[in-house]
Every structure is written in C-alpha cells, then in structure tokens.
Amino acid sequence: MDKIYIEGLEVQSLIGVYDWERDATQRLLVDIVLFSDLQKPAYSDDVDDTLNYAEVAQAVTDVAANSQFALIEALAQAMISQVFSQFPVQKMTLKLSKPDILPTAQNVAVEFTRERKDT
Ligand SMILES: Nc1nc2c(c(=O)[nH]1)N=C([C@H](O)[C@@H](O)CO)CN2
C-alpha cells in the first residue's frame, strides 16, 4: 500500500497528569502515516484525487489546541478519530511525542496503528 507521511508536526496542547502541567500548553510532535492508494493522483496530478496532507495536519493541530487530556494516549486516540471522521483513509499510524517532559530522556511517545473499523 502506498503511504503519505507527515513527520515532525509541531503542535501545542494543554496536557499532562500533574497539576503543574495544567497551567500552560506543551510542545508535542506528531508523526503520521496515511495508508492510501496513490495511483490515481500520481497520474491525474490533482489534489482532489488524494488525501491532502495539509488538511490532515491542520485537523490534528486543531485537536491538540482544543483539547485538555491528561494522557498522550487519549490525545493520540482523539487525533485518530478526527482524521477517520474527516478523511477517507482506511488505515493510519500516529506517533505522538512529548519531547520536553523527561529531563533524562530524549523523548517519550505512544504509537497507534488503527484501521477505520477499529475506531
Ligand atoms: N503512559 C503514560 N505515562 C505518563 C503520561 C502519559 O501521558 N502516558 N504522562 C505523564 C505526565 O503527564 C508526564 O508527562 C510528566 O511526568 C506521566 N506518565
């Protein structure tokens, strides 16, 4: 299956388990793989024949900005649900990273791969 990638998308969200995380938004990074047959747009050269990655990136950015989850797991699921509701994608992988939170780790992240029927 062909794939569209969105890598290192920076978003802001109010997120975290602890009281000290509930005052200000934090920087999160999103990596997305959209599994999609790209044969048609490859020949038509028409954005209307494909998943518009700019629109997907904006949808995910909006979910982050407009939510207040405790766990990155919950925000990741909300992002996936929004993409499936808004775009005709059958399968996707989404990795959500919280890179600034643990001083002794480069990154923490969750990664989900979901098919439309799973949501
Ligand atoms: N599996 C998870 N563990 C933790 C999360 C999370 O979102 N998923 N979050 C926290 C805190 O909010 C963390 O970012 C700061 O310690 C802790 N563990």
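The structure this text deals with has already been given above.
No experiment lies behind these values; they were computed from the predicted model shown. (Residues numbered from 1 in each chain as written. Predicted model: local features only at pLDDT ≥ 70, side-chain atom pairs only at ≥ 80, totals over all residues.)

Examining the overall build of the chain
To keep it simple, the criterion reads: A run of H or I in DSSP becomes a helix once it reaches four residues, and a run of E becomes a strand once it reaches two; helices and strands are each numbered from the N terminus. Think of it as a crowd count around each C-beta: if 20 or more other C-beta atoms lie within 10 Å the residue is buried, if 12 or fewer it is exposed, and in between it is partly exposed, with C-beta placed from the backbone throughout.
A count of helices and strands for the chain gives three helices and four strands. Reading the chain from its N terminus to its C terminus gives the helix and strand order β-β-α-α-α-β-β. With the C-alpha coordinates aligned to their principal axes, the bounding extent of the chain is approximately 50 × 25 × 20 Å. Per-residue burial over the chain gives 20% buried out of 119 residues.

Quick notes on the packing of helix α2 (residues 53–65) against helix α3 (residues 72–86)
Defined as follows: Helix axes are fitted to C-alpha atoms over the stretch in contact, other axes to C-alpha atoms as well, and angles between N-to-C directions run from 0 to 180 degrees. Orientation categories follow fixed angle ranges, with anything under 35 degrees roughly parallel, anything over 145 roughly antiparallel, 65 to 115 roughly perpendicular, and all other angles oblique. For a crossing to be left-handed, the near helix must be turned anticlockwise from the far one by less than a right angle; the clockwise case is right-handed. Residues are defined as contacting one another if the C-beta atoms placed from their backbone atoms lie within 7 Å. When residues are sorted by character, Ala, Val, Leu, Ile, Met, Phe, Trp, Tyr, Cys and Pro go into the nonpolar class, Asp, Glu, Lys and Arg into the charged class, and all the rest, Gly among them, into the polar class.
Their axes nearest at 9 Å, the elements α2 and α3 cross at an angle of 140 degrees. By the angle between their axes, α2 is oblique relative to α3. Crossing handedness for the pair α2 and α3: right-handed. Across the interface between the two elements, V56, A59, V60, V63 and A64 from α2 touch L75, A78, M79, Q82, V83 and Q86 from α3. Residue composition of the contact of α2 with α3, grouped by class: nine nonpolar, two polar and no charged.

Let's talk about the site of the ligand
The line we're drawing: To decide whether a residue is near a molecule or strand, its C-beta atom is placed from the backbone and checked for lying within 6 Å of it.
Taken together, G16, V17, Y18, E21, L71, I72, E73, K98 and I101 make up all the residues around the ligand. Here the residues of the shell around the ligand are counted per class, giving five nonpolar, one polar and three charged.

Considering the nonpolar core
In plain terms, the rule: In these notes, a nonpolar core means any group of buried Ala, Val, Leu, Ile, Met, Phe, Trp, Tyr and Cys residues linked to one another through C-beta atoms within 7 Å.
Among the nonpolar cores identified, the biggest contains 20 residues, and V60, M79 and L94 are the most heavily contacted of them. Those elements that place two or more of their residues in this core are β2 (26–35), α2, α3 and β3 (91–97). Sort the elements by how many residues they give to this core and α3 lands first, with six residues. Setting aside chain neighbours within four positions, we find M79 in contact with V60, V63 and L94.

Considerations on the sheet that holds β3
As a reminder, the rule being used: When DSSP finds two or more bridges between a pair of strands, those strands are recorded as paired.
Strand order in the open sheet made by the four strands is β1-β2-β3-β4, with antiparallel pairing throughout. Each edge of the open sheet carries a strand with a single partner, namely β1 (3–13) and β4 (109–115). Sheet twist, expressed as the mean angle between neighbouring strand axes with direction ignored, is 15 degrees. Note that β3 and β4 share seven bridges and pair antiparallel. When the bridges of β4 are listed, M92 appears paired with R114. Across the face of the sheet, α2 comes into contact with β1 and β2 while running at roughly 30 degrees to β1. Relative to the sheet, α3 contacts β1, β3 and β4, its axis offset from that of β3 by approximately 145 degrees.

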